[in-house]
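Chain residues, written in single-letter form:
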Amino acid sequence: MKIKNLLYKGVLVAAVMLSSCVNDLDTVPIDPDSATRDRVYQSVSDYQLGLAKLYGGLSLSGQRGPSGDADLQGLDEGASQYIRKYWELQELPTDEALNGWGDPGQPQMSQNTWTADNPIVKIMYDRVFYQIALCNQFIRDVATYEGEDKADLEGMIAEARLLRALSYWHALDFFGNGIPMIDENSPVGSTPPTAPEGGFQGTEIFDYIESELLELVALDNAIFKDAGRGLIGQVDKGAAYMMLTKLYINAKIYRNTEAGYDEYLTKANQALDAINGIYSLEQSYANNFLSDNYLSREIIFAVSFDGLSTQTWGGTTFLVHGAVGGDMISTEYGVDSGWGGHRSTSSLISYFKNTAGVMADPRGATTTGSAVPTDMFFSGHNLKDEDDNVIGKKDETNPKLSDFTDGFAVVKFKNINRFGSPGKDPNLTFVDTNFPFFRYADAILMRAEIGYRQSGSIDMSLIEQIWDRAGVSTALRAEYTAKATSDPEGFLLDERARELYWEGHRRQDLIRFGKYSQGLNWPWKGGTYNENTDGYGKEVIEEKYRYYPIPNAELGANPNLTQNPLY
């Protein structure tokens, strides 16, 4: 069972802040090349602060939260935060979300019309490789430590390698194989790194990530903690096994071929076997997305946020504030203001409706008034019938991307705890809720999908576990089961949306199921509105949008790179 050391989160974020605030403690380099190793690292405790900076790279945006000394330049500092950008690139181009802000590059992300000059794409590219560079430099520095307690650093190296693999996986998922391949052995200097020989169609990045993860899970548990043994916000072998599963289940995409896919699915099942029985579903679905979700029994790895110690305008602060606006009362969601930015489309809403058109799945619970932890959508901005069932958007004839109330407000993430009180500090500006990267519910759904792809049938007993926790009614189960029989792939994709919406999985899922670039006609996508079709977007989104382009600025700075196809 996972160690529930509630003090660790405070210790971790305190270390992050110490290692980040260079004006107060000049101990850890802001940039991997900006300070000498001899000045920074004097003892094992110094390396602990350096490792905390690597974790902080996922939650913070600079050296002084929430702003004032950014890691990266080119966008507002809060907009450059890792989770904020990761969420935007995984969710905004899909049927689950859109954002109405007019910030540079933002409308194009919601409409699948970005170019290689899009600043949001560029900042994610920069953020991923900045994180990789930090990990590389940390590993280099640890290798040169000569203290008698050097053995104490082996576990830190393992964690740094896992965090580096995580960012490489994100880079592969977003940009493909034609990205720079750099590790701790790469030269540090002015020579631009080269891309793998295989280019965009190659497999080198996939193979590298796989080999790293396999080496990590093979380490002694005394060096790299076994699944479920990591502290709150710390990676362990459970995170590595989930990453392996994600890598393998998407292998046909990442390796650009169906050849050998069944073998990778078998490997994915083996990775899931390694965590079977270690994690369990949280009693309440909503508990995974509240300010005390560090108590959840099913979160395998989450990026930690704390309203006092890890202040950022990204992360879950962005997710909660940005999803509140219009007639919504912000304090009911644990924040002091609504930013009126991201909301969902009618496409997402449809997955929770029964055949009578009623929002019947508890994971899509709605409210028009006071919020409670189990509410997931706010329907007060939408047209309703006499029974208070949502029947359409506020303005069906003239939808506006910029109008937050023209859409469906999602309040899945909240800065309140399971008892309905504001964040644990409390702080109504910066959010305490952790961002769950990996949940055991996803492991269950992936096992069901793997079983279907290998045998042609869905093990519904796996799905029943998800439904039992969610409280899906007998009648709705019958409707879902009918679709599982008639359209198993469609059912699995829909079920992943119902369980995992807004958690940063949707783009990846749609691509794997072959539904991302054609045939869905999602609202607002493709940059068009067609009043003669049952939707607001193009029926076919150009194939090139399955991947993001290498930013033009990067191509100009590094002539060794080649632009991704069709851009």
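Residues numbered from 1 in each chain as written. Predicted model: local features only at pLDDT ≥ 70, side-chain atom pairs only at ≥ 80, totals over all residues. Heavy atoms only, no water.

A. Region of interest: helix 11 (residues 261-273). Spanning 13 residues, helix 11 covers 18 Å between terminal C-alpha atoms, matching the ideal 18 Å at 1.5 Å per step. For helix 11, the complete set of buried residues consists of Y261, Y264, L265, A268, N269, A271 and L272. The buried residues of helix 11 occupy an angular sector of 160° when the element is viewed end-on, so they sit on one face. In this structure, helix 11 carries E263 and Q270 as exposed residues pointing more than 90 degrees from its buried face. Buried residues along helix 11 sit against helix 8 (204-217), helix 9 (237-249), helix 10 (251-254), helix 14 (440-455) and helix 18 (506-512). (Helix = DSSP H or I, 4+ residues; strand = E, 2+ residues; numbered from the N terminus. Expected span 1.5 Å × (residues − 1). Buried < 20%, exposed > 50% of the residue type's maximum accessible area, 1.4 Å probe, protein only. Arc of directions from axis to C-beta. Contact = heavy atoms within 4.5 Å.)

B. Layout of a negative patch on the surface. The grouping of E148, D149, D152 and E154 at the surface amounts to a negative patch. With respect to the secondary-structure elements, E148 resides in the loop between helix 6 (119-143) and helix 7 (154-175). (Patch = residues over 30% accessible without salt bridge, like charges linked within 9 Å, V, L, I, M, F, W, Y side chains within 5 Å. Areas by Shrake-Rupley, 256 points an atom, 1.4 Å probe, with all protein chains shown as cover. Salt bridge = Lys/Arg side-chain N within 4 Å of Asp/Glu carboxyl O. Lys, Arg positive; Asp, Glu negative; His and termini not counted. Charge placed at Lys NZ, Arg CZ, Asp CG, Glu CD.)

C. The pattern of salt bridges, seen in detail. This structure, assessed with the given rule, holds 38 salt bridges. R507 is paired through a salt bridge with D173; the nearest N and O atoms lie 2.7 Å apart. Separated by 334 residues along the polypeptide, R507 in helix 18 and D173 in helix 7 bring together distant segments of the chain. Residue classification places R507 among the buried positions, given a relative accessible area of 1%. Salt-bridge contacts for K246 lead to D442; the nearest nitrogen and oxygen are separated by 2.6 Å. With K246 in helix 9 and D442 in helix 14, this pair connects stretches of sequence that are 196 residues apart. Summarising the burial analysis for this pair, K246 and D442 share the class buried.

D. Spotlight on the packing of aromatic side chains. Across all of its chains, the model carries 35 aromatic pairs by this definition. Between Y47 and F138, the ring centres sit 6.1 Å apart and the planes meet at 75°, which makes this aromatic pair edge-to-face. One end of the pair, Y47, is in helix 3 (residues 44-59); the other, F138, is in helix 6, with 91 residues separating them in the sequence. Each of the two residues, Y47 as well as F138, counts as buried. Note on Y168 and Y208: the rings are 5.5 Å apart at their centroids and 75° apart in plane angle, and the pair reads as edge-to-face. Note that Y168 is positioned in helix 7 and Y208 in helix 8, a separation of 40 residues in sequence. Taking relative accessible area as the criterion, Y208 reaches 14% and is therefore assigned buried. (Phe/Tyr/Trp six-rings, centres within 6.5 Å; stacked < 30°, edge-to-face > 60°.)

E. Quick look at the pairing of strand 2 (residues 299-303). Among the five residues in strand 2, five count as buried, and that is most of the element. Pairing analysis gives four bridges linking strand 2 to strand 9 (residues 435-439), with the strands arranged antiparallel. Of the residues in strand 9, the one forming a bridge with I299 is R439. (Pairing = 2+ DSSP bridges.)

F. Region of the structure containing the nonpolar core. Core analysis: the biggest nonpolar cluster contains 145 residues, and I209 and F438 have the highest contact counts within it. Here this core gets 14 residues from one element, more than from any other, and that element is helix 6. Core analysis: the next-biggest nonpolar cluster, separate from the first, contains seven residues, V324, Y333, F404 and V411 among them. (Core = buried A, V, L, I, M, F, W, Y, C linked by side-chain atoms within 4.5 Å.)

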